[in-house]
Amino acid sequence: VQLQASGGGSVQAGGSLRLSCTISGRPLSSYAMGWFRQAPGKEREFVAAISWSGTLTSSADSVKGRFSISRDNAKNTVYLQMNSLKPEDAAVYYCATNNNPYSRSLIPSDYDSWGQGTLVTVSS
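Below, the structure is looked at part by part. (Residues numbered from 1 in each chain as written. Predicted model: local features only at pLDDT ≥ 70, side-chain atom pairs only at ≥ 80, totals over all residues. Heavy atoms only, no water.)

**Examining the packing of aromatic side chains**
This structure, assessed with the given rule, holds 5 aromatic pairs. Ring geometry for F36 and F46: centres 5.7 Å apart, planes at 75°, overall edge-to-face. Remark: F46 occurs in strand β5 (residues 45-50) and F36 occurs in strand β4 (residues 32-38); sequence separation between them is 10 residues. Exposure remark for F36: the relative accessible area of 0% places this residue in the buried category. Taken together, a centroid distance of 5.1 Å and an interplanar angle of 55° make the contact between F36 and W114 tilted. Remark: W114 occurs in strand β10 (residues 113-114) and F36 occurs in strand β4; sequence separation between them is 78 residues. Cluster of aromatic residues (ring-pair linked, three or more members): F36, F46, Y94, Y111 and W114. Lying across the ring of Y94, R44 places its NZ or CZ 3.9 Å from the centre. One residue, R44, lies across the ring of W114, its end atom 4.7 Å from the ring centre. (Phe/Tyr/Trp six-rings, centres within 6.5 Å; stacked < 30°, edge-to-face > 60°. Helix = DSSP H or I, 4+ residues; strand = E, 2+ residues; numbered from the N terminus. Buried < 20%, exposed > 50% of the residue type's maximum accessible area, 1.4 Å probe, protein only. Lys NZ or Arg CZ within 6 Å of the ring centre and 35° of its normal.)

**Some details on the pattern of salt bridges**
Evaluated as defined, the whole model comprises 4 salt bridges. R37 is the partner of D89 in a salt bridge, and the nearest nitrogen-oxygen pair spans 2.9 Å. Of the two residues, D89 is situated in the loop between β8 (77-82) and β9 (91-98) and R37 in strand β4; the sequence distance between them amounts to 52 residues. R37 carries the same exposure label as D89, and that label is buried. Between R66 and D89 there is a salt bridge, with its nearest N and O atoms 2.7 Å apart. Of this pair, R66 sits in the loop between β6 (57-59) and β7 (67-72) while D89 sits in the loop between β8 and β9; the two residues are 23 residues apart in sequence, bridging distant segments of the chain. When its relative accessible area of 11% is taken as the criterion, R66 is described as buried. Overlapping salt bridges bring together R37, E45, R66 and D89 as one network. (Salt bridge = Lys/Arg side-chain N within 4 Å of Asp/Glu carboxyl O.)

Here's what the structure looks like:
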């Protein structure tokens, strides 16, 4: 399976972006999906996850109320809507597949395939 993340860019604090992650090779409905981010000099951290059907989601405390994860299995695409962006949200954002379709794991090693990342910069 291959993942292609897109939608990153440069925004001012308070702005919004929507990231997309499209997979190919297998149906998106085979997987739970997660978004992670990694800022320079920091470890990769969990942002949000969604079960295969979209019924179950989870998100990091740092983004609750500002970010939301969703998916469109017909389009093989998962989304991360990011609102009220802060400078500390700046990072490379990665999407990843989880072979457990009900998982909302926070742990990067629980995920199997990763996209190449898309860069988000937030200016104050």
